[in-house]
Amino acid sequence: MNNLIILPIIIPLITGMVMVIFRRNIKLHKILSLIALSASGIIAVMLMGENKNTGIQTLHLGGWKPPFGVSMVADMFSSMLLLITSIVAVCCLLYAFRSIGEERESHYFYPLFLFLITGVNGSFITGDLFNLFVCFEVMLISSYVLISLGGTKVQLRESIKYVLTNIISSFLFLVAIAYIYAITGTLNFAHLSVRVAETGQSGLLTIISILLLVIFSLKAALFLFFWLPGSYSAPPAAVAAVFAALLTKVGIYAIFRLFTLVFYHEPKVTHLLIGILGAATMILGAIGAVAHWDIKNILAYNVIIGVGFIIAGLASFSIEGLTGSVYYMIHDIIVKALIFLLGGTIISLTGTGKLKDMSGLIRNHPYLGWMFFIAALSLAGIPPLSGFLGKVFITQGTFEAGYFWLGAIGLLTSLMALYSVIKIFMNCFWGETFLSEEMESGTTKGVMFPIACLSLLTILLGLGAEGISAYTQLAVQTLMNPEIYIQAVFGGETAP
Amino acid sequence: METLMSLLVGLFFAIGTYLILTKSLLRIILGTSIISHGVHLLILTMGGLKTGGPPLLGLQDLPFTDALPQALILTAIVINFATTALFLVLSYRAYKVLGTDDTDQMRGNHDE
């Protein structure tokens with residue numbers, strides 16, 4: 001039992017509620033939201049420390065023993081994701097301070113942002129399937145509002161598609177929960193794992209696992225990503241960056257949790273299917289990224305490529321593959337936020353997202369240009385930067401598992417992703433400068449700090465990969481051995 | 001009883017799917033609402049319909065009905081209220097701004 005675990009949910013939630021009361025005091029909103037997100041980051045660091053020293057931390061709410069009560073479980077994988085979530089959220093928040101505009105601020109932008117983070121944090125540390133659904137909904141409802149806040153035509157049109165897709169996938173989620181409850185009689189992850197291992201993963205359970213895979217694929221934009229390019233290019237840059245960095249990753253986290261902890265008995269069916277979906281996602285995403293000439297669309301399709309690549313590590317289902325996935329997921333959260341913030345800054349400078357209408361920005365904005373270059377290289381996984389190690393491990397994992405096609409597609413699409421972002425770099429920063437600083441429609445003043453922070457972080461993650469390897473090893477160890485998780489949740493007692 | 005409920009759930013899903021596939025936004029929202037009822041009934045059916053007495057501590061010699069599905073449905077209903085309300089408001093606003101509730105006419109280019 002460890003009461004720290006609940007704090008990453010409680011702190012943003014309570015702070016957001018307090019902020020709703022003081023709606024006119026925007027300054028207070030800014031300060032409180034920064035404090036709340038930093039606090040949840042500090043708690044994630046403390047959780048990581050405890051994970052390292054004493055293993056998986058659990059909290060059974062109200063003292064009800066599992067599987068009867070609501071359990072919160074923080075293993076190393078969740079704690080790392082909690083920390084990265086807080087870091088990225090703080091950076092996007094700093095960017096929003098300067099760019100989001102007074103209109104949105106006075107219409108509860110900061111409380112909604114905190115509620116979104118509440119849902120994300122909750123999804124990472126919940127210990128049963130139904131609370132995963134609830135946390136998903138908390139996150140999704142906030143995201144519905146954030147995506148439509150501002151009410152421009154594009155936003156309204158795209159948000160309707162986004163809301164409808166997600167509502168339908170939520171219904172399917174409930175259907176899957178009903179079926180699982182009928183078969184196993186439990187919803188607790190650890191207990192599910194025990195029950196499924198006892199009875200063996202029958203054909204019926206495999207079908208349900210595939211239904212769950214479809215649901216999380218919709219949320220994670222794995223293969224079913226038709227809604228993503230439109231939805232992620234509609235809201236302002238700070239919101240799009242948070243969405244790109246975190247929302248798809250929550251779906252990926254859920255896929256990882258379920259297919260390493262509960263449904264790991266039939267890898268020839270489920271994990272092969274995951275591999276095929278990942279490969280298709282990467283190919284389609286890469287084609288989209290290469291084909292488009294609009295910054296927002298190129299970046300949105302890059303999110304899709306990243307999803308496919310992380311999932312490829314899970315498909316291999318080996319220690320190398322999962323290590324790669326953990327590394328790459330952390331890298332991807334940071335670099336997607338970074339590149340969306342950079343793209344948003346470029347669009348606010350030039351007033352357009354079309355690559356053919358811009359040129360030569362590097363003369364007036366050298367730092368912006370070089371940071372975009374770093375982000376582009378990091379996205380493609382060029383060695384000193386953070387994407388490299390994850391790519392190596394995932395490729396190694398897929399090759400060792402015998403999925404050569406998957407590894408090859410991963411490498412090929414990395415090149416296409418690199419081409420698509422370098423295309424932005426060349427068209428936008430090289431060439432003749434025809435936009436003098438007075439003619440620009442925006443300014444980089446104040447927004448450079450969060451971008452610089454994230455750039456520094458992606459360099460440090462690449463150079464200091466050795467330093468976090470102890471933590472990733474621990475995360476992968478629990479992912480590969482469900483017994484550790486079950487042992488921690490039931491505290492040594494046998495499951496009823 | 002379970003068979004009857006399953007048929008009812010199937011009917012709800014059929015009606016809801018039909019409504020979601022239409023063009024008018026209001027019908028789509030009604031469709032999601034009807035599907036949600038189907039989902040809630042499905043959870044109730046899957047948890048086992050009234051198989052014993054109420055789960056109260058005083059009545060110890062009876063077999064108990066599982067109370068968990070009701071708790072799940074209660075949460076799901078509340079969430080469904082919130083999303084439906086939000087979706088209605090959103091579509092009203094979209095109707096005001098875009099001037100149509102026909103999803104076919106809502107398509108537009110990204111350039112505006």
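See the structure above.
Quick caveat: nothing in here was measured; it's all calculated off a predicted structure.

A. Focus on the overall build of chain A. Scanning chain A from terminus to terminus reveals 20 helices and 2 strands. Since a compact globule built from 496 residues should have a radius of gyration of about 23 Å, the 22 Å found for chain A is in line with a globular shape. A principal-axis box enclosing the C-alpha atoms of chain A has dimensions of 70 × 55 × 40 Å. Burial statistics for chain A: of 496 residues in total, 64% are counted as buried. Intrachain contacts of chain A at a sequence separation of at least 6 include 81% that bridge at least 24 residues. Carbon together with sulfur atoms contributes 68% to the accessible area of chain A, which is approximately 16700 Å² in total.

B. Region of the structure containing the pairing of strand β2 (residues 71–74) of chain A. Residues and elements named next belong to chain A. The side-chain alternation of β2 yields two buried faces, one formed by Ser71 and Val73 and the other by Met72 and Ala74. The pairing of strand β1 (residues 57–60) with β2 spans 4 bridges and is classified as antiparallel. In the sheet register, Thr58 faces β2, and the bridge partner there is Val73.

C. View of the packing of aromatic side chains. Residue and element names in this part refer to chain A. In this structure the tally under the stated criterion is 27 aromatic pairs over all chains. When the centroid spacing of 5.6 Å and the interplanar angle of 50° are considered together, the rings of Tyr403 and Trp405 count as tilted. Chaining the aromatic ring pairs together yields one cluster made of Trp370, Phe372, Phe373, Phe425, Phe429 and Trp430. The ring of Trp293 has Lys423 lying over it, and the distance from NZ or CZ to the ring centre is 4.5 Å.

D. Local environment of the environment of Arg104 of chain A. Its place among the elements puts Arg104 of chain A in helix α4 (residues 102–106). When sequence neighbours within four positions are dropped, the list of residues in contact with Arg104 of chain A reads Phe109, Leu149, Gly150, Gln155 and Pro236 of chain A.

E. Local environment of the interface of chain B and chain A. In this assembly, 37 residues from chain B lie in contact with 30 residues from chain A. Of the roughly 2900 Å² buried between chain B and chain A on both sides combined, carbon and sulfur atoms contribute 82%. Where chain B touches chain A, the interface holds 0 salt bridges. Here chain B and chain A share 1 residue pair in polar contact (both at pLDDT 80 or more) between them. At the level of secondary structure, the elements contributing two or more residues to the side of chain B that touches chain A comprise α1 (2–20), α2 (25–46) and α3 (68–98) of chain B. Among the elements that make up the side of chain B that touches chain A, the one with the highest residue count is α3 of chain B (17 residues).

F. Molecular detail of the packing of helix α8 (residues 189–199) of chain A against helix α20 (residues 482–490) of chain A. All names here are of chain A. Interaxial distance between α8 and α20 falls to 9 Å at its minimum, and their mutual angle equals 125°. Comparing the axis directions of α8 and α20 gives the class oblique. The interaxial crossing formed by α8 with α20 has left-handed handedness. Contacts between α8 and α20 pair Phe189, Ala190, His191, Ser193 and Val194 from the former with Pro482, Tyr485, Ile486, Val489 and Phe490 from the latter. Here the residues of the contact of α8 with α20 sort into 8 nonpolar, 2 polar and no charged.

G. Expanded view of helix α19 (residues 465–480) of chain A. Residues and elements named next belong to chain A. Look at α19: 21 Å from first C-alpha to last across 16 residues, which is about the 22 Å you get at 1.5 Å a residue. The sharpest bend along α19 measures roughly 30° and falls at Tyr471. Those residues of α19 that are buried are in contact with α3 (76–99), α11 (237–261), α14 (319–350), α16 (387–400), α18 (448–463) and α20.

H. Quick look at the side chain of Ser378 of chain A. All names here are of chain A. Relative to the elements of secondary structure, Ser378 occurs in helix α15 (residues 366–380). On the basis of relative accessibility, which here comes to 0%, the residue Ser378 falls in the buried class. Setting aside its immediate chain neighbours within four residues, Ser378 contacts His331, Val335, Leu385, Ser386, Gly387 and Thr458.

I. Here's a closer look at the packing of helix α6 (residues 129–148) of chain A against α3 of chain B. Put simply, α6 of chain A and α3 of chain B touch, their axes get as near as 11 Å, and they point 10° apart. Of the possible angle classes, the one that applies to α6 of chain A and α3 of chain B is roughly parallel. Each of Phe130, Phe133, Val134, Glu137, Ile141, Tyr144, Val145 and Ser148 of chain A in α6 of chain A lies in contact with α3 of chain B, whose residues at this interface are Leu72, Thr75, Ala76, Ile79, Ala82, Thr83, Leu86 and Leu90 of chain B. Across the contact of α6 of chain A with α3 of chain B, the residue classes break down as 12 nonpolar, 3 polar and 1 charged.

Basis of the calculations
- Residues numbered from 1 in each chain as written.
- Chains lettered and ligands numbered in written order.
- Predicted model: local features only at pLDDT ≥ 70, side-chain atom pairs only at ≥ 80, totals over all residues.
- Heavy atoms only, no water.
- Helix = DSSP H or I, 4+ residues; strand = E, 2+ residues; numbered from the N terminus.
- Rg over C-alpha atoms; globule rule 2.2 N^0.38 Å.
- Buried < 20%, exposed > 50% of the residue type's maximum accessible area, 1.4 Å probe, protein only.
- Contact = heavy atoms within 4.5 Å.
- Areas by Shrake-Rupley, 256 points an atom, 1.4 Å probe, with all protein chains shown as cover.
- Pairing = 2+ DSSP bridges.
- Phe/Tyr/Trp six-rings, centres within 6.5 Å; stacked < 30°, edge-to-face > 60°.
- Lys NZ or Arg CZ within 6 Å of the ring centre and 35° of its normal.
- Buried area = accessible area lost by both parts, 1.4 Å probe.
- Salt bridge = Lys/Arg side-chain N within 4 Å of Asp/Glu carboxyl O.
- Polar contact = N/O pair within 3.5 Å; in protein donor to acceptor, adjacent residues only side chain to side chain.
- Axes fitted to C-alpha atoms, helices over the stretch in contact; angles between N-to-C directions.
- Parallel < 35°, antiparallel > 145°, perpendicular 65-115°, else oblique.
- Left-handed = near helix turned anticlockwise from the far one by under 90°.
- Nonpolar A, V, L, I, M, F, W, Y, C, P; charged D, E, K, R; others polar.
- Expected span 1.5 Å × (residues − 1).
- Bend = angle between axes of the 7 residues up to and from the residue.

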